[in-house]
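One-letter residues, chain by chain:
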Amino acid sequence: QVQLVESGGGLVQAGGSLRLSCAASERTFSYYAMGWFRPAPGKEREFVASINWSGRSTDYVDSVKGRFTISRNYGETTVYLQMDSLEPEDTAVYYCAVARGPFTDGRAPDQFGSWGQGTQVTVSS
């Protein structure tokens, strides 16, 4: 059973920062894209950001562009989400996920096959 262990959530004031981490237990996931999702009105999981297997290509939902940065080191299975200029609207449980197959990526939740337990991010106004 693949395990994804998330950490770094918490309570922060608007304008503050948090850094989320997600470590995957399988070394083969170094060849897989990884992403972050959160619930949204009408959606169980909304795409937030993703990074390809090499770390050279990233993608963000428009609402977090310029504020969030996803990163990973080449060959490693830990992904980070640096969240700056946080807004109350960013309050959610954030889920880490790994793509279903190697060398693939996308935004749709069903393109990701393994999920973490989630970490709570709360932004107070």
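Worth saying up front: this structure is predicted, and the values here are computed from it rather than measured.

### Regarding the pairing of strand β7 (residues 68-72)
Going residue by residue along β7, you find F68, I70 and R72 tucked away on one face and T69 and S71 left uncovered on the opposite face. Summarising the sheet, β7 and strand β8 (residues 78-83) pair through five bridges and their orientation is antiparallel. Following the sheet pairing, S71 is matched in β8 by Y80.

### Notes on the pairing of strand β3 (residues 18-24)
The buried fraction of β3 amounts to five of the seven residues, a majority that puts the element mostly inside the structure. Note that strand β1 (residues 4-7) and β3 share four bridges and pair antiparallel. Looking at β3, one finds that V5 is bridged to A23. Pairing of β3 with β8, which is carried by six bridges, proceeds in the antiparallel orientation. Its bridge partner lying in β8, R19 is registered against Q82.

### Thoughts on the environment of N73
Structurally, N73 is set in the loop between β7 and β8. Between the C-alpha atom of N73 and that of S54, which follows or precedes it by 19 residues, the distance is 7.8 Å.

### With respect to the environment of V5
As for its position among the elements, V5 is in strand β1. The spatial distance from the C-alpha of V5 to the C-alpha of S21 is 8.0 Å, given a sequence separation of 16 residues. Every residue in contact with V5, bar those within four places of it in the chain, is listed here: S21, C22 and A23.

### Concerning unusual backbone geometry
For S85, which is not glycine, the phi dihedral falls at a positive 50°. Looking at the secondary structure, you find S85 in the loop between β8 and β9 (92-99). Notably, F103 is not glycine yet its phi reads approximately 60°, a positive angle. By secondary structure assignment, the location of F103 is in the loop between β9 and β10 (112-115). Residue classification places F103 among the exposed positions, given a relative accessible area of 52%.

### Here we look at the packing of aromatic side chains
Inspection of every chain in the model, using the stated rule, returns nine aromatic pairs. Geometrically, the ring pair formed by W53 and F103 is edge-to-face, given 5.1 Å between the ring centres and 90° between the ring planes. Taken as a pair, W53 in the loop between β5 (43-51) and β6 (58-60) and F103 in the loop between β9 and β10 lie far apart in primary sequence, 50 residues in all. The lysine or arginine in question, R19, covers the ring of Y80, its NZ or CZ lying 4.1 Å from the ring centre. Here the guanidinium or amino end of R45 rests over the ring plane of Y95, the centre of that ring lying 3.9 Å away.

### Thoughts on the sheet that holds β3
Sheet architecture is open: four strands sit in the order β1-β3-β8-β7, paired in antiparallel fashion. For this open sheet the edge positions go to β1 and β7, each flanked by a neighbour on one side alone. Adjacent strand axes in the sheet meet at a mean angle of 15°, parallel and antiparallel pairs treated alike.

Thresholds, definitions, all that
- Residues numbered from 1 in each chain as written.
- Predicted model: local features only at pLDDT ≥ 70, side-chain atom pairs only at ≥ 80, totals over all residues.
- Heavy atoms only, no water.
- Buried < 20%, exposed > 50% of the residue type's maximum accessible area, 1.4 Å probe, protein only.
- Helix = DSSP H or I, 4+ residues; strand = E, 2+ residues; numbered from the N terminus.
- Pairing = 2+ DSSP bridges.
- Contact = heavy atoms within 4.5 Å.
- Phe/Tyr/Trp six-rings, centres within 6.5 Å; stacked < 30°, edge-to-face > 60°.
- Lys NZ or Arg CZ within 6 Å of the ring centre and 35° of its normal.
- Axes fitted to C-alpha atoms, helices over the stretch in contact; angles between N-to-C directions.

Note that every value here comes from positions in space, so none of it alone points to a role or purpose.
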